[in-house]
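Each chain, written out:
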Amino acid sequence: MSKPDIARLQTIVGPEHVKHDPADLYVYGSDSSVHRAMPDAVVRPGKVEEVQELLRYANESRIPVVPRGSGSGMCGQVVPIQGGIVLDTKRMNRILEINLADVYCRVEPGVIDDDLNKALKPHGVFYPATPASSRIATIGGEIANNASGVRSVKYGATRESVLGMKVVLADGSLVTLGARTRVEASGYQLERLFVGSEGTLGVLVEATLSFVRIPKYRAMGMVLFDSLDDAGEAIAAVMGKGVALSMLELVDSVAIRAVNTAMDLGLPEVDAILLVEADGMVKEAVEYEVEAARELCEKHGGKLTQLSYDPAERARIFLGRKKLFPALSKFSDTMVSTALADDMAVPYSRMAETARKIHEIAERNGVVMTAYGHCGSGCMHTKILMDTASSESWEGAQRAVAEIYEYVRSVGGTTSAEHGIGISKADAFKREKADSLDLMRAVKRAFDPNNILNPQKLFDAPRGWLTATDLRYVASR
Amino acid sequence: MELPRLRKWEHQLNACIRCGYCYEHCPLYKSTRWESDAPRAKLVLLFGLLNGQVEPTQSVTRRLFECFNCKRCEAVCSSGVPFTEILMDVRQDLRDAGLDLDGVTSLNAADGGCAKCLACVRVCKHEARTVGADQCVVVDKVKCVGCGACVEVCPRLTVQLATAHGVSSSDLAREMGSFLGSRPEGEPRAIIFCCNWSSYPGILNSRYEEAEPKDHKILVNMCAGRLPPQLLMHAFERGSWGVLVSGCPEEECEHDGNLRARQTVQSLQVVMGQIGLDPRRVHFVEVPRGSPGTLEGAIESFMVQLRELGAPGV
């Protein structure tokens with residue numbers, strides 16, 4: 001691969017939109033993952049034509065191009081493992097159209113999720129595939145990773161909201177994929193292929209997204225369980241009976257202790273908590289779903305408490321779950337929270353077993369892990385808490401990650417529910433998708449024959465995440 | 001290079017989970033929209049300095065002296081990283097190594113002109129300005145937090161911020177003029193000055209041109225105490241129906257800027273009464289940190305009042 005000619009980049013996007021100072025390059029070499037690598041330049045195109053020209057140049061000169069949103073990915077998706085050009089999309093940040101009659105909106109890739117929802121709110125609608133990082137996450141990044149969040153149980157992931165898109169391919173050509181209609185029957189649905197492709201197939205320059213009505217009523221409550229197994233059975237019962245919840249979150253005992261220790265929120269110290277939420281336009285319909293969930297949870301030993309329709313009260317109930325992520329970061333003075341093995345999905349009937357297995361594996365390997373997540377979607381979040389200055393901890397983490405994914409695969413689960421693969425989950429991904437990797441490579445070659453677009457990610461990432469790149473931590477012993 | 005003060009923060013640099021939630025609150029990032037100016041980037045650079053992957057070049061040093069010390073990033077930090085404390089320590093390390101740079105710290109103009117009135121020394125709450133042996137004002141670049149209070153009190157305009165990042169009086173005047181000039185004839189319009197420490201809302205990093213044009217413009221001015229009365233008056237000269245100034249509640253301001261802002265607004269109200277403008281057209285509101293609803297409510301009732309008052313007659 002070649003190095004970019006800075007003067008050429010400056011001609012394409014303007015000198016003020018190119019960075020090549022080592023300080024900038026160092027910053028743009030990392031994201032929210034454990035990985036780090038140096039790009040050769042960062043560019044900020046402002047329009048489609050500039051993206052096309054950049055890619056034409058990069059393709060002719062065989063220079064890697066790594067599209068980047070806000071760099072909040074947790075698996076190294078935007079870490080420029082082979083150097084090259086980081087293409088920062090944040091200048092392409094226009095909401096182009098909100099079409100209420102036809103129920104779609106068109107946006108550029110750098111639009112922030114929360115900003116889109118602010119623009120949609122006055123019309124009584126919202127874009128639902130919102131991840132927890134919606135305050136900074138770009139729509140382009142969400143599409144590249146098929147992001148989702150706490151309400152995916154009802155509204156699905158990003159893929160469910162993407163109707164169409166415009167994409168610049170590796171050779172600089174612009175293609176329009178999908179449609180603006182709710183349904184489209186014929187041909188390969190290439191727009192769906194791009195969702196979750198992590199910037200390896202093209203650079204998204206416009207997305208057409210659907211939206212849904214903001215529900216008039218929302219009810220949330222907390223179901224307490226003395227046994228994690230009972231909570232697991234309740235999850236399977238609720239989902240198996242088709243109860244239409246808008247949120248079903250699991251918080252295990254380690255997570256409860258972490259939140260109470262770090263923030264003194266006074267969560268009940270039980271073995272597991274399920275947060276349940278239902279929403280809708282009619283109160284009776286919401287009540288119906290909540291009652292159905294309550295009945296099934298009680299059958300499995302759960303006790304529904306603090307049920308409320310009041311927004312402030314709901315926010316208070318959700319606070320423990322919301323603060324879990326920061327609480328884990330403050331768990332100990334010697335350990336830090338690392339984004340590893342962080343978002344697998346397993347069948348509903350295996351949620352409790354998975355949580356137990358995670359604790360068992362963590363203990364065996366000398367790290368601390370917790371289990372929480374959007375169990376209504378089968379998504380289990382974890383974080384590995386460890387002493388990042390200790391090489392033994394890293395070895396333990398490496399073993400724990402491998403064992404967890406081995407288990408997830410053995411129960412019919414999948415490597416990533418919503419954060420993506422990037423570099424750190426590629427080993428597990430490649431094992432899980434072993435019989436379709438050649439197909440994926442063929443697709444990649446068809447779109448990007450010179451392999452300039454975000455190379456060495458997903459199926460093409462180096463073997464062994466621990467040594468794939470430099471790590472972002474100070475490892476002093 | 002030895003960085004003894006920074007070294008003690010190694011655990012905190014590791015503990016930053018690099019979620020990036022600090023972006024939306026950082027005035028520097030709002031100004032440049034480059035990730036490398038956001039707080040997360042500074043922590044990344046500090047990490048690089050510690051482990052020898054980053055050289056302490058002028059470019060790196062400048063970035064570490066560019067922070068308005070508003071601490072909004074700390075308030076939202078997922079990992080509770082004491083960002084400004086770490087930054088102060090590394091600045092001292094860099095200064096000890098002879099590498100301090102201007103950043104956003106306040107300076108005295110190189111060509112002199114200082115009246116030696118010491119107004120800037122008196123107004124500085126951070127003990128960053130002292131009188132040197134030759135009676136010249138000396139700026140401590142480590143202690144200076146770039147609040148800009150000294151800039152506004154200097155009678156000879158000798159004091160400047162090395163880099164204003166869109167919050168100097170001339171920047172604000174330009175933004176103000178551009179908004180006020182864009183409003184249709186006869187339509188209400190007002191300027192809302194927001195203190196970055198307390199009330200400035202989170203970032204809106206997207207553009208939506210079809211959105212209904214607002215009847216007010218929010219301008220971040222960093223500390224409310226920096227607002228000169230001329231700038232507020234200038235809003236009326238450019239056709240504004242009113243000016244709302246928001247600042248920290250009493251006892252909460254780190255620079256005593258809220259007291260100065262309140263005095264500025266009160267003086268202006270007197271002047272406005274004298275020249276036939278309703279004094280209610282300029283108003284000071286206290287907005288505690290982390291309560292955007294208070295600001296929204298204040299703006300709404302201010303705009304209702306301005307509509308009742310109608311266009312200013314003078």
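What you see is a predicted model; the values in this text were computed from it and never measured.

Reading guide: rules and limits
- Residues numbered from 1 in each chain as written.
- Chains lettered and ligands numbered in written order.
- Predicted model: local features only at pLDDT ≥ 70, side-chain atom pairs only at ≥ 80, totals over all residues.
- Heavy atoms only, no water.
- Helix = DSSP H or I, 4+ residues; strand = E, 2+ residues; numbered from the N terminus.
- Rg over C-alpha atoms; globule rule 2.2 N^0.38 Å.
- Buried < 20%, exposed > 50% of the residue type's maximum accessible area, 1.4 Å probe, protein only.
- Contact = heavy atoms within 4.5 Å.
- Areas by Shrake-Rupley, 256 points an atom, 1.4 Å probe, with all protein chains shown as cover.
- Lys, Arg positive; Asp, Glu negative; His and termini not counted.
- Charge placed at Lys NZ, Arg CZ, Asp CG, Glu CD.
- Domains from an automatic or database assignment.
- Buried area = accessible area lost by both parts, 1.4 Å probe.
- Salt bridge = Lys/Arg side-chain N within 4 Å of Asp/Glu carboxyl O.
- Polar contact = N/O pair within 3.5 Å; in protein donor to acceptor, adjacent residues only side chain to side chain.
- 1 Å grid on protein atoms, 1.4 Å probe; cavity = no way out; pocket = protein on both sides within 12 Å on 5 of 7 lines; lining within 4 Å.
- Points joined across faces, edges and corners; volume = space filled by probe spheres on them.
- Axes fitted to C-alpha atoms, helices over the stretch in contact; angles between N-to-C directions.
- Parallel < 35°, antiparallel > 145°, perpendicular 65-115°, else oblique.
- Left-handed = near helix turned anticlockwise from the far one by under 90°.
- Nonpolar A, V, L, I, M, F, W, Y, C, P; charged D, E, K, R; others polar.
- Expected span 1.5 Å × (residues − 1).
- Arc of directions from axis to C-beta.
- Phe/Tyr/Trp six-rings, centres within 6.5 Å; stacked < 30°, edge-to-face > 60°.

Digging into the overall build of chain A
For step 1, the next point in the chain: From N to C terminus, chain A includes 17 helices and 23 strands.
For step 2, the next point in the chain: By the compact-globule yardstick of 23 Å for 477 residues, chain A fits well, its C-alpha radius of gyration being 22 Å.
For step 3, the next point in the chain: Its C-alpha atoms put chain A at 65 × 60 × 40 Å along the principal axes.
For step 4, the next point in the chain: Counting all 477 residues of chain A, 63% fall into the buried class.
For step 5, the next point in the chain: Relative to all contacts within chain A whose residues are 6 or more apart in sequence, the contacts with residues 24 or more apart total 73%.
For step 6, the next point in the chain: Taken as a whole, chain A presents about 17,700 Å² of accessible surface, with 49% of it coming from carbon and sulfur.
For step 7, the next point in the chain: Within chain A, the 62 negative side-chain charges are centred at a point lying 2 Å from the centre of the 56 positive side-chain charges.

Observations regarding the domain arrangement of chain A
One frequently used descriptor of interface size is the decrease in accessible area upon assembly of the parts.
All names here are of chain A.
For step 1, the next point in the chain: As assigned here, chain A comprises domain 1 (95-213) and domain 2 (217-328).
For step 2, the next point in the chain: The straight-line distance from the C-alpha centre of domain 1 to that of domain 2 is 29 Å.
For step 3, the next point in the chain: With 7 residues of domain 1 at the contact, the number on the domain 2 side is 11 residues.
For step 4, the next point in the chain: Of the roughly 820 Å² buried at the junction of domain 1 and domain 2 (both faces included), carbon and sulfur atoms supply 53%.
For step 5, the next point in the chain: The interface formed by domain 1 and domain 2 contains 2 salt bridges.
For step 6, the next point in the chain: Connecting domain 1 to domain 2 are 3 residue pairs in polar contact (both at pLDDT 80 or more).

Quick look at the interface of chain B and chain A
For step 1, the next point in the chain: Opposite the 41 residues of chain B that make contact, chain A presents 56 residues.
For step 2, the next point in the chain: In total, about 4,100 Å² of surface goes out of reach between chain B and chain A, with carbon and sulfur atoms giving 52% of it.
For step 3, the next point in the chain: At the surface where chain B touches chain A, the tally comes to 4 salt bridges.
For step 4, the next point in the chain: The set of elements that each furnish at least two residues to the side of chain B that touches chain A consists of α2 (10-15), α3 (27-32), α4 (39-50) and α5 (58-64) of chain B.

Some remarks on the environment of B:Phe179
Residue and element names in this part refer to chain B.
For step 1, the next point in the chain: Structurally, Phe179 can be placed in helix α10 (residues 169-182).
For step 2, the next point in the chain: Considering only alpha carbons, one finds Phe179 and Leu99, 80 residues apart in sequence, at a separation of 41 Å.
For step 3, the next point in the chain: Apart from the residues lying within four places of it in its own chain, the contact partners of Phe179 are Arg189, Ala190, Ile191, Lys214, Asp215, His216 and Lys217.

A few points about the environment of A:Asp343
All names here are of chain A.
For step 1, the next point in the chain: Tracing the sequence through the fold places Asp343 in strand β18 (residues 343-345).
For step 2, the next point in the chain: Residue class for Asp343 comes out buried when judged on its relative accessible area of 0%.
For step 3, the next point in the chain: The spacing of Asp343 and His381 is 38 residues in sequence and 4.5 Å in space, taken between C-alpha atoms.
For step 4, the next point in the chain: Apart from the residues within four sequence positions on either side, Asp343 is in contact with Cys379, Met380, His381, Thr415, Ser416, Ala417, Glu418, His419, Gly420 and Lys425.
For step 5, the next point in the chain: Among the polar contacts listed, one links the side chain of Asp343 to the backbone nitrogen of His419, at a separation of 2.5 Å.
For step 6, the next point in the chain: Within the structure, the side chain of Asp343 is placed 2.5 Å from the side chain of Lys425, a separation counted as a polar contact.

Concerning empty space enclosed by the protein
All names here are of chain B.
For step 1, the next point in the chain: Across all of its chains, the model carries 10 cavities of 30 Å³ or more by this definition.
For step 2, the next point in the chain: In this structure, the largest cavity spans a volume of roughly 140 Å³.
For step 3, the next point in the chain: Residue lining of the largest cavity: 17 residues in total, with Cys16, Cys22, Leu43, Cys73 and Cys77 positioned closest to the centre.
For step 4, the next point in the chain: Mapped by element, the contributors of at least two residues to the lining of the largest cavity are α4 and α6 (72-76).

A few points about the packing of helix α13 (residues 351-364) of chain A against helix α14 (residues 391-410) of chain A
Residue and element names in this part refer to chain A.
For step 1, the next point in the chain: At a closest axis distance of 9 Å, the pairing of α13 and α14 adopts a crossing angle of 155°. Judged by the angle between their axes, α13 and α14 are roughly antiparallel. The crossing of α13 and α14 is right-handed. Between α13 and α14, the contacting residues are Glu353, Thr354, Lys357, Ile358, Ile361 and Arg364 on the first element and Ala400, Glu403, Ile404 and Tyr407 on the second.
For step 2, the next point in the chain: In terms of residue class, the contact of α13 with α14 is made up of 5 nonpolar, 1 polar and 4 charged.

Overview of helix α13 (residues 292-309) of chain B
Residues and elements named next belong to chain B.
For step 1, the next point in the chain: Between its terminal C-alpha atoms α13 stretches 26 Å, which fits the 26 Å expected from 18 residues at 1.5 Å a residue.
For step 2, the next point in the chain: Burial in α13 covers these residues: Leu295, Ala298, Ile299, Phe302, Met303 and Leu306. Along α13, the residues classed as buried sweep out an arc of 130° about the axis, all on the same side. What points out from α13, more than 90 degrees from its buried face, is the exposed set Glu296, Glu300 and Glu308.
For step 3, the next point in the chain: If you follow the buried residues of α13, they end up packed against β5 (190-194), β6 (216-220), β7 (242-247) and β8 (282-286).
For step 4, the next point in the chain: One or two positions beyond α13, positive phi appears at Gly310, with a value near 75°.

Observations regarding the layout of surface pockets
Residue and element names in this part refer to chain A.
For step 1, the next point in the chain: The calculated volume of the second largest pocket comes to roughly 570 Å³.
For step 2, the next point in the chain: Taken together, 27 residues form the lining of the second largest pocket, with Arg159, Val195, Gly196, Phe429 and Leu458 sitting closest to its centre.
For step 3, the next point in the chain: Within the residue set of the lining of the second largest pocket, elements represented by two or more residues are α7 (190-194), α15 (426-432) and α16 (437-447).
For step 4, the next point in the chain: With 3 residues, α16 is the largest single contributor of residues to the lining of the second largest pocket.

Digging into the packing of aromatic side chains
All names here are of chain A.
For step 1, the next point in the chain: On inspection of all chains with the given rule, the structure shows 6 aromatic pairs over all chains.
For step 2, the next point in the chain: Ring centres of Trp394 and Tyr473 lie 5.6 Å apart, and the angle between their planes is 50°; on these two criteria the pair is classed as tilted. With Trp394 in helix α14 and Tyr473 in the segment after β23 (470-471), this residue pair connects regions lying 79 residues apart in the sequence. Of the two residues, Trp394 and Tyr473, both sit in the buried class.

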